[in-house]
Amino acid sequence: MFRPRFAFFLLLLTGLLTHGCTSFMARRAILDFADGLESQDFDQIRVATSNNFESKALRQPEALSDLKLLRFPKGDVRVVTLEAIDDDTKLATVEIGEGEHIQVVDYRLTLDRESGRWVVDDVILSQDDTTGQEIRRSVTDQMDLLLSCRELLKDWESAPRTVKLQHCTNELHAQLSTLPPNWFKLLTEQTVGTGRSITYRPEARLNGDHAVVVAPHPDGSLFVEFRKERNHWKVQNVAIEPRNDSETGVRSLLTLAQTLNHSAKFLTSFADNDTEQIANHASPDFYSQSLVSGDLSTITLPVAMLIADDYEANQYQDRTELLLESNGAMYMLTVRTVDLPSEDGTAGLSEPRVDELTIFEPDGSEVKKVSAMLLSSSVVDIYIEALRTRDLEKIRSMSSNDFNDRVWRTDAAKYFKIMPYPQIDPGETEVISTVFRGDITEITVAQGNTPMTMVLRLSEGWMVVDDVLMPAHDRPVSLKSNLELILPIHGFASGINRGDVNEVARYSARGLDQMIWRQLNYIPEISRELVRPLMSEVIRVRLGESGVIVHTSDGMISSEITMTREADLYVVHDVSLVNEASPSKQFRFLQSVRQLIAAGQLLPKGAKQYPVIQASGTIAQPQADSNVHPSAFEPISPAVYSR
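Residues numbered from 1 in each chain as written. Predicted model: local features only at pLDDT ≥ 70, side-chain atom pairs only at ≥ 80, totals over all residues. Heavy atoms only, no water.

## Some thoughts on the overall build of the protein
The condition is simple: Helix and strand definitions here come from DSSP, where helices need a minimum of 4 consecutive H or I residues and strands a minimum of 2 consecutive E residues; each element is numbered from the N-terminal end. The contact definition used throughout considers only heavy atoms, calling two residues in contact when any of these lie within 4.5 Å. We get accessible surface area from the Shrake-Rupley algorithm with a probe of 1.4 Å; when it comes to residues, only the shown protein chains can shield them.
The helix and strand inventory of the protein stands at 20 helices and 23 strands. Counting only contacts in the protein whose residues sit at least 6 apart along the sequence, the fraction spanning at least 24 positions is 49%. Within the structure as shown, the protein displays about 32900 Å² of accessible surface, and the carbon and sulfur contribution to it stands at 49%.

As structure tokens, then:
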């Protein structure tokens, strides 16, 4: 009986001693780690930690500095509980500090099989997140992240291309690896900044396999987005927030890399005149409105030099402007993020695409937009033909909003079809010169014997005509300025000729309408004296006291038509006629008709006319004007103007 009992108690005692020794060694590892951390003894920390801890949290000499950033609690260390998870793993709950300042820290320990010692494999700290809520974070994860960021900044400043790419996720790697060599070098170096301060105090924010590290940058603040791939932190994106609003910073490195890639491939496809390939790198509007039908070979781009040289990129909320330089000329690619439709017609991916290419000449004399250069020549030919044939529908579709609002979409535009002005000869159009000023392009052409300058404006990706400039003496050279005056005059004259009081009122100023047309409600015969002079050739336009004065002449009678602007359109305020053979014979329409109405010689429609008895007892005779009588002007046959 004695021997079996003795053996049992011996085994029990051995187990207790072994357990106690194991617990002692585990506690010793925790205390050694805490002491090394407090004394900043790098070697002591390494001895007290596992290979896994060392590879993730201590692999750089700067690790001690980064450990300080994790804000380990300070004070006396007491192991409260020690729990064995398996033969090689233990979890310890540790209290650090005194009284109200006690903080609880969890240690995970592992058995080092080579040395037989228990070592610290990880530490779990309680920290506050951005909302003030307490969260538990792994020291090895945080240190691995901070050191990965430190290694990224160091390598991207000067390491070879292959080393720089090793830091990237698959998505970012795919974009950076295809960049032209010089653009890749410049992008990575500018991202981390040159002349970086020695002080490195990053702030890490973890959320599972995603994390963001905020660190100082020479131009402001650096935000590095990391993602775990195969248990390693890899860079997914980078942003730079500038110190002041005058700088654009970098909104997204990934988007900027995509922008650079599409820009380089756009330029290459453009130089190759490959309209099929360029569709993959241009915005749908830029491609369909300008590139697909344009002759790209007419525009020479020094693509090899542009891609080999440096660039300047400015990222804004709605676009990125990429500036390239060659031989003193500046080339600006405007890149916008567009939604690309999928094959089934539903919304697809959003990608940056080239939306415009602008060329700034070295002397600053011209600013050329490629869309304007490609569209301008075809627009000019079609528009001139539409003017010559009086094709209003085509003219309206190709005119700017301002041209349409002031001329082509007004009620008076219908009279353009019967107007002799402007006289445009048929035949081929000869381009004399082209001047580019950004969104404005001025093309001077000779159409037969008619010289003119087409003023084109880029509007929503389309090239539209904003005006046509034609030689003129004593009147505007602008077709827009001429027509917005002449068309209402023709509408006024046409209404008189047809006896349409509503049509006449439409083109009359408020005063003329109220004093004449609303009172009479018909067109008096005397008004017909105005028709031929109003529809005669315009010989002069000048600015008068009451408005714009338009002078016309048919060789016998000249007129002065006062035009005023009401509701953004010109209307007839008054008309004066002069007999050119006898200038003293004049007819002032508004004054004369008012006198006739006052004298009872012109009455409202349906009213009965009674003779006016003067004080002498005689019947008053109608006198339109003291200087002129309507019979001084030759009557005009209505058939002449009925069209």
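Alright, that's what it looks like, and here's the rest.
## Quick word on the pattern of salt bridges
As a reminder of what qualifies: Each reported salt bridge corresponds to a side-chain nitrogen of Lys or Arg within 4 Å of a carboxyl oxygen of Asp or Glu. For the exposure calls, accessible area comes from a 1.4 Å probe over protein chains only, and a residue counts as buried if that area is under 20% of its type's maximum, exposed if over 50%, partly exposed in between.
One pass over the full model with this rule turns up 38 salt bridges. For aspartate 66, the salt bridge identified is with arginine 150, shortest N-O distance 2.7 Å. Of this pair, aspartate 66 sits in helix α4 (residues 63-69) while arginine 150 is found in helix α5 (residues 139-158), placing the two residues 84 residues apart along the sequence. Just as aspartate 66 is buried, arginine 150 falls in that class too. Note that arginine 437 is salt-bridged to glutamate 442, the shortest N-O span being 3.2 Å. Put simply, Asp402, Arg406, Arg457, Asp466, Lys480, Glu484 and Arg565 are held in one network by salt bridges that share partners.

## Quick look at the pairing of strand β10 (residues 312-315)
Let me state the cut-off plainly: The pairing criterion is simple: DSSP has to find at least two bridges between the two strands.
Both β10 and strand β11 (residues 320-326) contribute to a ladder of four bridges, which runs antiparallel. Along β11, the bridge assignment pairs glutamate 312 with leucine 323. What sits between the antiparallel neighbours β10 and β11 is a turn of four residues.

## A short note on the nonpolar core
Rules: The nonpolar core is taken to be a set of buried Ala, Val, Leu, Ile, Met, Phe, Trp, Tyr and Cys residues, with the residues joined through side-chain atoms within 4.5 Å.
Ranked by size, the top nonpolar core spans 95 residues in total, and within it Phe33, Leu67, Tyr107, Leu176, Phe226 and Phe266 carry the most contacts. If sequence neighbours within four positions are ignored, phenylalanine 266 has contacts with Ile278, His281, Ala282, Phe286, Leu291, Leu333, Val354 and Leu357. Ranked by size, the runner-up nonpolar core spans 69 residues in total, among them Tyr383, Val407, Met452 and Val550.

## Quick look at the packing of aromatic side chains
Here is the rule: Only Phe, Tyr and Trp rings are paired, with Trp represented by its six-membered ring, and only when their centres lie within 6.5 Å; those with planes under 30 degrees apart are stacked, over 60 edge-to-face, the remainder tilted. The criterion for a charge sitting over a ring is simple: Lys NZ or Arg CZ within 6 Å of the ring centre, and within 35 degrees of the ring normal.
This structure, assessed with the given rule, holds 12 aromatic pairs. Taking 5.3 Å as the distance between ring centres and 50° as the angle between the ring planes, the aromatic pair formed by phenylalanine 403 and tryptophan 408 counts as tilted. For the pair phenylalanine 403 and tryptophan 408, a shared accessibility class is recorded, and that class is buried. Where phenylalanine 587 meets phenylalanine 589, the ring centres are 6.3 Å apart and the plane angle is 85°; that geometry is what we call edge-to-face. Considered together, phenylalanine 587 and phenylalanine 589 belong to a single accessibility category, that of buried residues. Over the ring of tryptophan 118 we find lysine 90; its NZ or CZ atom is 5.1 Å from the centre of that ring.

## Some words on the sheet that holds strand β20 (residues 548-553)
The cut-off we apply is this: A fitted line through C-alpha atoms represents every axis, and for helices the fit uses only the stretch in contact; the resulting angles, taken between N-to-C directions, go from 0 to 180 degrees.
Strand order in this open sheet of five strands is β19-β20-β21-β22-β23, and the pairing throughout is antiparallel. Strands at the two margins of the open sheet, each flanked by one partner only, are β19 (537-543) and β23 (586-588). When strand polarity is set aside, the average angle formed by the axes of neighbouring strands in this sheet is 25°. Each of β22 (569-579) and β23 is contacted by helix α20 (residues 589-598), which is oriented at about 70° to β23, the strand it contacts most.

## Overview of the side chain of lysine 369
Rules: In protein, a polar contact means a hydrogen-donor-capable atom and an acceptor-capable atom, both N or O and within 3.5 Å, with residues adjacent in sequence counting only if both atoms are side-chain atoms; elsewhere, any N or O pair within 3.5 Å suffices.
Following the sequence through the fold, lysine 369 ends up in strand β14 (residues 367-369). By relative accessible area, which is 18% here, lysine 369 ends up buried. Here aspartate 439 takes part through its side chain, which lies 2.4 Å from a polar atom of the side chain of lysine 369. Excluding anything up to four places from it in sequence, lysine 369 contacts Glu356, Leu357, Thr358, Gly438, Asp439 and Leu458.

## Examining the sheet that holds strand β8 (residues 220-229)
Spatially, β6-β7-β8-β9 is the arrangement adopted by the four strands of the open sheet, whose pairing is antiparallel. Taken across any chain shown, the strands that pair with only one partner, and hence form the sheet edges, are β6 (203-207) and β9 (232-242). On average, each strand axis in the sheet is tilted by 20° relative to the strand beside it, whichever way the strands run. Pairing geometry for strand β7 (residues 210-217) and β8, over eight bridges, is antiparallel. The residue bridging alanine 211 from the neighbouring strand is phenylalanine 226, located in β8.

## A word on the packing of helix α8 (residues 181-192) against helix α9 (residues 253-271)
Note the following rule: Between 65 and 115 degrees an angle is taken as roughly perpendicular, under 35 as roughly parallel, over 145 as roughly antiparallel, and anywhere else as oblique. Helix crossings fall into two classes, left-handed where the near helix is turned counterclockwise from the far one by less than a right angle and right-handed where it is turned clockwise. Gly counts as polar in this scheme, as do all residues outside two lists: the nonpolar Ala, Val, Leu, Ile, Met, Phe, Trp, Tyr, Cys and Pro, and the charged Asp, Glu, Lys and Arg.
Closest axis-to-axis distance for the α8/α9 pair is 12 Å, and the angle between their directions is 160°. In terms of orientation, α8 and α9 fall into the roughly antiparallel class. Between α8 and α9 lies a crossing of right-handed hand. Mapping the contact onto sequence places Trp183, Leu187 and Thr191 in α8 and Leu253, Leu256, Ala257, Leu260 and Ala264 in α9. Taken together, the residues that form the contact of α8 with α9 break down as seven nonpolar, one polar and no charged.

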